[in-house]
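Residue-level structure breakdown
Given next are the chains, with one letter for each unit.
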Amino acid sequence: MTARRVPFRRLLGAALTTALAVTAPAVIASPARAAAAPNAVLTWNVHAQTAIYEVARQSPTAGARSFAMVQGAVYDAVNAIAGTPYEPYLVAPPSRRGDSTPAAVATAAHRVLLSLFPAQADALRAQYDEALAAIPDGRSERGGVRVGAAAAAAMIEARRDDGAFSDATWPVGTEAGRYRLTPPGFVQAGAWYAFLRPFAVKDPAAYRVTGPPPLSSAAYARQLEEVRSLGSATSTTRSPARTEAAIWWDDLRQVEWYIKRDLAAGHRLSDLESARMLAMVDVSTADTLISCYREKRHWSFWRPVTAIPLADADGNPLTTADPAWTPLRVTAPSPEWPSGHACYTGAIMTALRAYFGRDDLTFSAYSAESGTTRGFHSLAAARTDLIGARIWAGVHYRGATVEGDRLGTEVTREVLKREFRRR
């Protein structure tokens with residue numbers, strides 16, 4: 001892995017570069033063509049990010065559901081126009097030769113996003129009108145709109161009453177080892193995701209992780225000491241490179257979004273290829289997080305930010321309390337075990353490995369939070385870095401990250417056995 005620091009004054013330039021990258025030419029169907037149209041799938045993936053995070057500020061878990069809905073509908077629309085070479089996710093709307101793929105992409109994404117964020121109707125309509133203005137009026141455009149609308153309608157109906165944003169809460173205890181609400185907000189958030197209806201897997205409860213070691217064990221003491229030493233806000237044992245990695249991976253404007261688009265643009269994926277890749281990744285991550293949050297609820301283990309200050313009450317003579325200890329990064333408002341971020345990134349890397357058929361991919365992403373660009377030469381290197389970064393951030397024990405990565409792999413394998421396969 002290599003990392004390159006980017007000064008803050010170049011943030012705007014980096015953002016513009018990203019915007020240009022996501023409209024990189026798609027794969028050219030014929031060598032005789034001098035140029036290809038911008039990749040509509042990647043353009044609307046950026047629009048989805050704008051709606052989901054930049055405006056709505058959805059959490060990573062809520063955002064996973066939203067991205068899966070958008071990219072699932074876009075995939076069905078593009079796949080239908082391409083002649084349905086792959087199994088549809090929900091539906092293969094009737095299409096005719098010459099139906100506009102960009103119109104179908106824009107319509108599918110716009111309608112799903114509008115159903116999710118009706119308050120953003122004006123901004124979404126402006127993006128949609130701009131997309132259709134670039135397509136000649138006529139039968140091709142009308143056909144694409146019709147296909148995209150059908151794909152969106154199927155997705156919206158499929159996710160109706162799926163359990164999103166219910167009033168579920170996390171169980172909270174006061175005994176040693178039990179989850180307690182975490183600073184700074186001490187809020188209940190995100191527990192509903194454990195009860196969300198899956199997108200693809202048959203039974204999210206079938207995926208389990210090995211639980212945390214007993215509080216009295218030497219294994220627990222070692223894991224607690226590792227995060228206490230390396231994850232403290234004032235750590236003297238964490239290197240600057242590890243500090244950067246902890247911040248880079250913890251950016252709420254998730255670097256994984258940029259990694260996906262960087263790979264699609266760098267490999268010059270067509271609209272269909274991009275749509276399939278993004279749907280594979282986003283549906284896998286959405287279902288992975290359901291299983292992950294079920295396991296969080298099951299184990300309901302305390303986070304390091306709670307355990308380290310209260311280590312004198314854990315019954316382990318090998319641990320020492322540090323009442324003033326605080327992590328480098330803010331702890332997410334969910335129980336420990338497994339790590340949600342490790343579940344999420346493990347799923348992404350597994351899906352990308354399945355799509356490209358190889359691990360040795362080169363990619364990079366910029367984080368405004370860390371002010372740096374980090375790059376990797378393999379998917380395995382990235383997921384290993386993420387596992388370490390959650391410890392260096394002070395928000396997870398090593399076992400929770402390793403188990404989360406494994407769970408993400410297992411759930412994703414089922415998703416990809418069931419969906420997005422060649423007919």
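Residues numbered from 1 in each chain as written. Predicted model: local features only at pLDDT ≥ 70, side-chain atom pairs only at ≥ 80, totals over all residues. Heavy atoms only, no water.

**Details of the state of the cysteines**
Simply put, disulfide is the name for a covalent bond between the sulfur atoms of two cysteines. Throughout the structure, instances matching the rule amount to 1 disulfide. With its sulfur 2.4 Å from that of its partner, Cys-292 forms a disulfide with Cys-343. On the sign convention where negative is left-handed, the bridge of Cys-292 and Cys-343, at about 75° about the S-S bond, is right-handed. Here Cys-292, found in helix H10 (residues 271-299), pairs with Cys-343, found in helix H12 (residues 340-356); they are 51 residues apart in sequence, far enough to count as distant. (Disulfide = S-S within 2.5 Å. Helix = DSSP H or I, 4+ residues; strand = E, 2+ residues; numbered from the N terminus.)

**Things to note about helix H6 (residues 139-158)**
Given a rise of 1.5 Å per residue, 20 residues ought to cover 28 Å, and the 29 Å separating the end C-alpha atoms of H6 matches this to within 8%. Tucked into the core, H6 has its buried residues touching helix H3 (60-81), helix H4 (101-116) and helix H5 (121-133). (Expected span 1.5 Å × (residues − 1). Contact = heavy atoms within 4.5 Å.)

**Regarding the pattern of salt bridges**
In total, this model carries 21 salt bridges according to the counting rule given. Here Glu-295 and Arg-208 are joined by a salt bridge, their closest N and O atoms 2.6 Å apart. Here the residue Glu-295 occupies a position in helix H10, and Arg-208 occupies one in the loop between H6 and helix H7 (218-230), the gap between them amounting to 87 residues. Residue Glu-295 is classed as buried on the basis of its relative accessible area, which comes to 3%. Classification of Arg-208 by relative accessible area gives partly exposed; the value is 38%. Ionic pairing is found between Arg-228 and Glu-225, a salt bridge with its closest N-O pair at 2.7 Å. Taken together, the residues Arg-228 and Glu-225, both in helix H7 and 3 residues apart, mark about one turn of the helix. Salt bridges sharing partners connect three or more residues here, namely Asp-250, Arg-329, Glu-369 and Arg-390. (Salt bridge = Lys/Arg side-chain N within 4 Å of Asp/Glu carboxyl O. Buried < 20%, exposed > 50% of the residue type's maximum accessible area, 1.4 Å probe, protein only.)

**A look at the pairing of strand E2 (residues 363-367)**
Burial analysis of E2 places 4 of its 5 residues in the buried class, which makes it a mostly covered element. Both E2 and strand E3 (residues 372-376) contribute to a ladder of 5 bridges, which runs antiparallel. Considered in E3, the bridge of Phe-363 is made with Phe-376. The loop that links E2 with its antiparallel partner E3 comprises 4 residues; one of these, Gly-371, has a positive phi angle of about 75°. (Pairing = 2+ DSSP bridges.)

**A closer look at the side chain of Lys-260**
Residue position: Lys-260 is located in helix H9 (residues 255-266). With relative accessibility at 2%, the residue Lys-260 sits in the buried group.

**Concerning the confidence of the model for the protein chain**
Of all residues in the protein chain, 91% have pLDDT values of 70 or greater, and the mean over the chain is 92. Counting contacts from residues 1-35, a segment whose pLDDT is below 50, to residues more than four positions away or on other chains yields 55 contacts. (pLDDT = per-residue confidence, 0-100.)

**Thoughts on the nonpolar core**
Formed by 120 residues in total, the largest nonpolar core has its most connected members in Val-74, Leu-113, Tyr-193, Trp-249, Leu-352, Tyr-397 and Phe-420. Discounting residues that sit within four places of it in the chain, Phe-420 has contacts with Tyr-75, Tyr-86, Glu-87, Tyr-89, Arg-276, Ala-279, Met-280, Val-283 and Val-415. (Core = buried A, V, L, I, M, F, W, Y, C linked by side-chain atoms within 4.5 Å.)

**Looking at empty space enclosed by the protein**
In total, this model carries 1 cavity of 30 Å³ or more according to the counting rule given. The volume enclosed by the largest cavity comes to roughly 50 Å³. Surrounding the largest cavity, Ser-59, Pro-60, Gly-63, Ala-64, Phe-67, Gln-254, Trp-257, Lys-260, Asp-282, Thr-285 and Tyr-344 form its lining. Broken down by secondary-structure element, the contributors of at least two residues to the lining of the largest cavity are H3, H9 and H10. Partitioning the lining of the largest cavity into residue classes produces 5 nonpolar, 4 polar and 2 charged. (1 Å grid on protein atoms, 1.4 Å probe; cavity = no way out; pocket = protein on both sides within 12 Å on 5 of 7 lines; lining within 4 Å. Points joined across faces, edges and corners; volume = space filled by probe spheres on them. Nonpolar A, V, L, I, M, F, W, Y, C, P; charged D, E, K, R; others polar.)

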